[in-house]
Amino acid sequence: MQYFPVTEPGSRILLFEKSANYFDSELAPRRAHALLPDARLITILIHPAKRAYSWYQVIWAIMQKEKRKKKQK
């Protein structure tokens, strides 16, 4: 929790983080609960094909950026 500042008791401040890989493991939800038993989690599920295409676009963009860098040298 080093990246999240401590809020005052009763504060209405919400802290968020996102990752597509938090719950890849069956143990992850249990571990999250053990660490933060009062946390409220929001999970947004996306169709696997849409997620795969999105990931492909990210990788493609990274590869294009690397190609441009090599051409500039």
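Residues numbered from 1 in each chain as written. Predicted model: local features only at pLDDT ≥ 70, side-chain atom pairs only at ≥ 80, totals over all residues. Heavy atoms only, no water.

A.B. asks: Which parts of the structure should I look at to understand the overall build of the chain?
C.D. replies: Within the chain, the regular secondary structure consists of two helices and zero strands. Here the C-alpha atoms of the chain give a radius of gyration of 18 Å, more than 25% beyond the 11 Å that 2.2 N^0.38 yields for 73 residues. Along the first, second and third principal axes, the C-alpha set of the chain runs to 55 × 30 × 20 Å. Within the span of the chain, comprising 73 residues, buried residues form 1% of the whole. Element-wise, carbon and sulfur atoms account for 59% of the exposed surface of the chain, whose accessible area totals about 7900 Å². (Helix = DSSP H or I, 4+ residues; strand = E, 2+ residues; numbered from the N terminus. Rg over C-alpha atoms; globule rule 2.2 N^0.38 Å. Buried < 20%, exposed > 50% of the residue type's maximum accessible area, 1.4 Å probe, protein only. Areas by Shrake-Rupley, 256 points an atom, 1.4 Å probe, with all protein chains shown as cover.)

A.B. asks: Looking at this model, I keep getting lost on the environment of His47. Mind explaining?
C.D. replies: By secondary structure assignment, the location of His47 is in the loop between α1 (28–35) and α2 (48–72). Taking the relative accessible area as the measure of exposure, His47 reaches 52% and is therefore exposed. Between the C-alpha atom of His47 and that of Pro37, which follows or precedes it by 10 residues, the distance is 29 Å. A distance of 3.0 Å separates a polar atom in the side chain of His47 from the backbone nitrogen of Ala49. (Polar contact = N/O pair within 3.5 Å; in protein donor to acceptor, adjacent residues only side chain to side chain.)

A.B. asks: How should the pattern of salt bridges be read in this particular structure?
C.D. replies: Side chains that differ in sign of charge can pair as their charged atoms come close. Enumeration according to the criterion identifies one salt bridge in this entry. Among the ionic pairs, Lys69 bridges to Glu66, the shortest N-O distance being 3.8 Å. On the criterion of helical spacing, the pair formed by Lys69 and Glu66 is a turn pair, its members being three residues apart in helix α2. (Salt bridge = Lys/Arg side-chain N within 4 Å of Asp/Glu carboxyl O.)

A.B. asks: Quick question: what am I supposed to make of the packing of aromatic side chains here?
C.D. replies: Aromatic ring pairs are described here by two measures, namely the spacing of the ring centres and the angle between the planes. Within the structure shown, the criterion is met by one aromatic pair. Measuring from ring centre to ring centre gives 6.2 Å for Tyr53 and Tyr56, while their planes differ by 25 degrees; the resulting arrangement is stacked. Taken together, the residues Tyr53 and Tyr56, both in helix α2 and three residues apart, mark about one turn of the helix. Residue Tyr56 is classed as partly exposed on the basis of its relative accessible area, which comes to 48%. (Phe/Tyr/Trp six-rings, centres within 6.5 Å; stacked < 30°, edge-to-face > 60°.)

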